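Read off the chains here:
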Amino acid sequence: MTRFAQVFGAKKPVIAMVHLGALPGTPLHDPEAGVEGIIAGAAADLAALQAAGFDAVMFGNENDRPYELKVDAASTVTMGYVIGRLRAQISVPFGVNVLWDPMATMALATATGAQFVREIFTGTYASDMGVWAPDAGAALRYGQRIGAGGVAKLYNVSAEFAGSLDPRSLPDRARSAVFSSIPDAVLVSGAITGEAAKMVDLESVKRVLPNTPVLANTGVKHDTVAEVLRVADGCIVGSALKHGGDTWSAVDPSRARDFMDRVRAVRGA
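Residues numbered from 1 in each chain as written. Predicted model: local features only at pLDDT ≥ 70, side-chain atom pairs only at ≥ 80, totals over all residues. Heavy atoms only, no water.

(A) The arrangement of the nonpolar core in detail. Residues L49, F54, F59, L202 and F259 are the most contacted members of the largest nonpolar core, which totals 67 residues. Per element, the largest residue contribution to this core is eight residues, and it comes from helix 2 (residues 34-52). Sequence-distant contacts of L49, that is, excluding residues within four places in its chain, are made with A16, M17, V18, F54, V57, L241, V251 and A256. Counting 14 residues, the second largest nonpolar core, distinct from the first, contains F8, I15, A56 and A152. (Core = buried A, V, L, I, M, F, W, Y, C linked by side-chain atoms within 4.5 Å. Buried < 20%, exposed > 50% of the residue type's maximum accessible area, 1.4 Å probe, protein only. Helix = DSSP H or I, 4+ residues; strand = E, 2+ residues; numbered from the N terminus. Contact = heavy atoms within 4.5 Å.)

(B) Up close: the packing of aromatic side chains. In the structure shown here, the tally under the stated rule is ten aromatic pairs. Where F59 meets F94, the ring centres are 6.0 Å apart and the plane angle is 80 degrees; that geometry is what we call edge-to-face. Taken as a pair, F59 in strand 2 (residues 56-60) and F94 in strand 3 (residues 94-97) lie far apart in primary sequence, 35 residues in all. According to the relative accessible area criterion, F94 is buried, its value standing at 1%. (Phe/Tyr/Trp six-rings, centres within 6.5 Å; stacked < 30°, edge-to-face > 60°.)

(C) Focus on the pattern of salt bridges. All told, the structure shown has ten salt bridges when counted by the stated rule. For E203, the salt bridge goes to R230, with nearest N and O atoms at 3.6 Å. Note that E203 is positioned in helix 7 (residues 199-208) and R230 in helix 8 (residues 225-231), a separation of 27 residues in sequence. (Salt bridge = Lys/Arg side-chain N within 4 Å of Asp/Glu carboxyl O.)

Dropping the structure here:
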């Protein structure tokens, strides 16, 4: 059994995002609500997502705009504290993603006992954060040293907020990443958070990676999830589950339930 199957189990798993409130030290942080406010918001979202039946959840710092390529230690530490406070309430597999720092993500996975991580591990991009050139070799070796070697690694190969500087096609870059870095799954994204990956991109990447799980990473909505899961081996969803479909709002329990009802219908079919 692959590590992906060991973690997620479900056919075409759906991973729901728990977007933490802006962390201390970031421009949008609310000092009056403080860390306790971040915990309260995450706890409510987590409860709604688990009640709706999602296969897994992932904790991310999407509110820490503008993003960094090497995050402040306070961000990683605070995320670890928040997840630690919620740990007893988590009843499904969970992952972590510290935008956009693979080393911090691996450290957080070790500290919290996360079963999977999502990151930009490979490629070279021109981005809103400047030139973006992650080092998969360094990140995976670091993870091995600190005890995160067994964590499932989900590679986003089409970075949001960025354009690839690599002249190779997306399928070729994805195929190369699998050969050189051995990810447990490959993720295909849209241009920014909440925007859908192009179906032609999902189809072309899956075509060259028939034996590697390929997931839609952004922008999956209630009325598109059936089409997405026809091609992809699963998906990650966040914005569509929020009140009004707004990325920065809290999870709407009814939208979350409706989404998973549609997923179950697809699986049943």
